[in-house]
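Chains, contacts and geometry: an overview
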Amino acid sequence: VQLVESGGGLVQAGGSLRLSCAASAASRISFSLNVMGWYRQAPGKQRELVASMSPGGGNTNYADTVKGRFTISRDLSKNTMYLQMNSLKPEDTAVYYCNARAPGTLQLGTWGQGTQVTVSS
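The rules we used
Residues numbered from 1 in each chain as written. Predicted model: local features only at pLDDT ≥ 70, side-chain atom pairs only at ≥ 80, totals over all residues. Heavy atoms only, no water. Pairing = 2+ DSSP bridges. Helix = DSSP H or I, 4+ residues; strand = E, 2+ residues; numbered from the N terminus. Axes fitted to C-alpha atoms, helices over the stretch in contact; angles between N-to-C directions. Phe/Tyr/Trp six-rings, centres within 6.5 Å; stacked < 30°, edge-to-face > 60°. Buried < 20%, exposed > 50% of the residue type's maximum accessible area, 1.4 Å probe, protein only. Core = buried A, V, L, I, M, F, W, Y, C linked by side-chain atoms within 4.5 Å. Contact = heavy atoms within 4.5 Å. Disulfide = S-S within 2.5 Å.

Let us now look at the sheet that holds strand β10 (residues 115-120). With respect to topology, six strands assemble into an open sheet ordered β2-β10-β9-β4-β5-β6, the strand pairing being mixed. Here the strands that pair on one side only, and so sit at the sheet edges, are β2 (9-12) and β6 (60-62). Averaged over all pairs of adjacent strands, the angle between their axes in this sheet comes to 25°, without regard to strand direction. Where strand β4 (residues 35-41) and strand β9 (residues 94-101) come together, seven bridges link them in antiparallel fashion. Residue pairing for β9: tyrosine 39 is matched across the bridge by tyrosine 97.

What follows concerns the packing of aromatic side chains. Within a pair of aromatic rings, the relevant descriptors are the distance that separates the centres and the angle that separates the planes. The full count for this structure, using the stated rule, is two aromatic pairs. Taken together, a centroid distance of 5.1 Å and an interplanar angle of 90° make the contact between tyrosine 39 and tryptophan 111 edge-to-face. Here tyrosine 39 is found in strand β4, whereas its partner tryptophan 111 is found in the loop between β9 and β10, with 72 residues between them in sequence. Given a relative accessible area of 12%, tyrosine 39 falls into the buried group.

As a rule of thumb, soluble globular proteins bury nonpolar side chains together. Leu83, Met85 and Tyr96 are the most contacted members of the largest nonpolar core, which totals 28 residues. Those elements giving two or more residues to this core turn out to be β3 (17-23), β4, β5 (48-53), β7 (70-75), β8 (80-85), β9 and β10. When near neighbours in sequence (up to four residues on either side) are disregarded, tyrosine 96 contacts Glu5, Leu19, Tyr39, Arg40, Val50, Phe70, Leu83, Met85, Gly114, Thr115 and Val117.

Turning our attention to the state of the cysteines. Tallying each qualifying case throughout the model produces one disulfide. The partner cysteine of cysteine 21 in its disulfide is cysteine 98, sulfur to sulfur 2.1 Å. On the S-S bond that ties cysteine 21 to cysteine 98, the torsion sits near 80°, and the link is right-handed. Pair noted here: cysteine 21 is in strand β3 and cysteine 98 is in strand β9, with a separation of 77 residues, a long-range link. Like cysteine 21, the residue cysteine 98 is buried in the burial classification.

Written as structure tokens, this is what we have:
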């Protein structure tokens, strides 16, 4: 596994969590050369893109459902990406994954195990 997600948990609606995505020691994934993204998959639903960041870090995009509540960021010195999630809603409950793709391509890497986020009402 090249990317390892962590930081999930159980939180009440309105609460916050910060997810982390770290490249493994053996990984050659560079956060500054790839389009990095956070995805989520709720039970019975397809995996969806939640947030993404351009290789240069200057461009970020968010799904309409999380815009204004979630923030994607990264620390290149730690080769780690984050997803700050505020004002969480029960519909945010899902397994969250991170992944990378080369600019101009659609090919994603191997999926990790993800991290479970559960928001109670």
